[in-house]
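# Chains, contacts and geometry: an overview
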Amino acid sequence: MSVAERSYLSIGQVVNLLRGAYPDLSNSKIRFLEDEGLITPHRTPKGYRQYSKEDVDRLEVILHLQKTRYMPLNVIKDRLEGAPDLSQLAFEVGLLSDAPMKTEPKETKQKLHPIEDLPDMLGVEISFLRSLAENDLIRIIKSPQNRELVDGREFVIIRYASELARFHIEPRNLRQYVSAANRESTMFEQVLIGMLGMDTSDEDRAAKLERAFTKLHDLTDGVRTALIRNRVFESLNAEIDDADVDAVDDAITARAKAMAAADGEGDASPAPRAR
């Protein structure tokens, strides 16, 4: 079984994963943090360091606190040791992902990559990729020589799913979005065909398709986000109290009475005299 299959990354893979957000990160800096007792990677029988996802998350919290809060290492160490949960601490210090989601160039998006290359490229484990495939979030393509390949266009899903795993949202929890995407893609296709037709000879069709898709997505995503937000906040702490409903009722009744009284006074005013 490979290192990636055992859910570990090498020190070089960790540096490649995090260097986009922390350009001065190096192997020696990670080893220094280990010497200071902030991280404790697994060691192979030959002494090579191996980093689990939890090790990488912990390292990213350390680097984030150094970069954004200028905390000394002893304070960071106390903060880590006092935190009941690393994910909660990451959320509290404002670290969802310190670096923005990377956008791969077009040629990478449309290229098939051997699955064993992805731990270095994306900082994820092969077991995680298999879990995504088992839950229909990505496809693992078999070549004629039985090699396992992943389409570069799947990278964005892999990155988002990896970020969600930080909050204990696993691939199996994302199956609902696969079902939703299947339904919505059919609706989008019907709308876009109605707008653009089936003719593919127009040189600007791809640009028009992209603009129309983006508009549709933004609108439907706005509805989805509002629905989820309302459900979550109603469930957690924003349910309307009966007293609030009564107060609104009383205010509307009082306003209606005031308007009726004003109308009555207007009706009772004397008619103008004829000249």
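Structure's up top.
These numbers were taken from a predicted model, which means no experiment stands behind them. Chains are numbered independently. Their residues run from 1 in the order of the written sequence. Local features in this predicted model are restricted to residues of pLDDT 70 or higher, and side-chain atom pairs are both shown and tallied only at a pLDDT of 80 or more, whereas totals for entire chains, interfaces and linings draw on every residue. Processing note: side-chain calculations cover all non-hydrogen atoms of the structure and skip hydrogens and water entirely.

## With respect to the overall build of the protein chain
For the purposes of this entry, the term helix denotes a DSSP run of H or I that reaches at least four residues, the term strand denotes a run of E that reaches at least two, and both are numbered from the N terminus. Helices and strands together make up the secondary structure of the protein chain, namely twelve helices and five strands. When accessible area is computed with a 1.4 Å probe and restricted to protein chains, residues below 20% of their type maximum are described as buried, those above 50% as exposed, and intermediate ones as partly exposed. Relative to its full complement of 275 residues, the protein chain shows a buried share of 29%. Here the analysis covers contacts within the protein chain between residues at least 6 apart in sequence; of these, 63% occur between residues at least 24 apart. Roughly 18400 Å² of accessible area belongs to the protein chain as shown, and the carbon and sulfur atoms make up 53% of that amount. We call two residues in contact whenever any of their non-hydrogen atoms come within 4.5 Å of each other. For the accessible areas, the method is Shrake-Rupley and the probe is 1.4 Å, while residue cover comes only from the protein chains on display.

## Comments concerning a nonpolar patch on the surface
Patch members must show over 30% relative accessible area and no salt bridge, and they are joined within 9 Å when carrying like charges or within 5 Å when they are nonpolar side chains of Val, Leu, Ile, Met, Phe, Trp or Tyr. By definition here, a salt bridge exists when the distance from a side-chain nitrogen of Lys or Arg to a carboxyl oxygen of Asp or Glu is within 4 Å. Judged by side-chain polarity, Y177, I228, V232, F233 and L236 come together as a nonpolar surface patch covering roughly 490 Å² of accessible area. If you tally residues by element for the nonpolar patch, the top one is helix 11 (residues 205–236), at four residues. Its location among the elements puts V232 in helix 11. Its relative accessible area of 37% is what places V232 among the partly exposed residues.

## Side note on the nonpolar core
Counting residues in each nonpolar core, the largest one holds 25 residues, and the members touching the most others are V14, L18, I30, L59 and I76. Elements supplying a minimum of two residues to this core: helix 1 (11–18), helix 2 (27–35), helix 3 (53–69), helix 4 (73–82) and helix 5 (86–92). Here this core takes six residues from helix 3, the largest share from any one element. Residue contacts for I76: discarding those within four places in its chain leaves L38, I62, L65, Q66 and M71. Think of a nonpolar core as a cluster: buried Ala, Val, Leu, Ile, Met, Phe, Trp, Tyr and Cys residues, connected wherever their side-chain atoms sit within 4.5 Å. I126, A133, F155 and V178 belong to the second-largest nonpolar core, a separate cluster that totals 18 residues.

## Re helix 3
Between the first and last residue of a helix there are one fewer steps than residues, each counted as 1.5 Å, and that sum is the expected span. Between its first and last C-alpha, helix 3 extends 23 Å over 17 residues, near the 24 Å set by a 1.5 Å rise per residue. Every buried residue belonging to helix 3 is among D55, V56, D57, L59, E60, V61, I62, L63, H64 and L65, and all of these are buried. Once helix 3 ends, the next one or two residues include Y70, with phi positive near 55 degrees.

Purely geometric stuff here, so don't read any function into it on its own.
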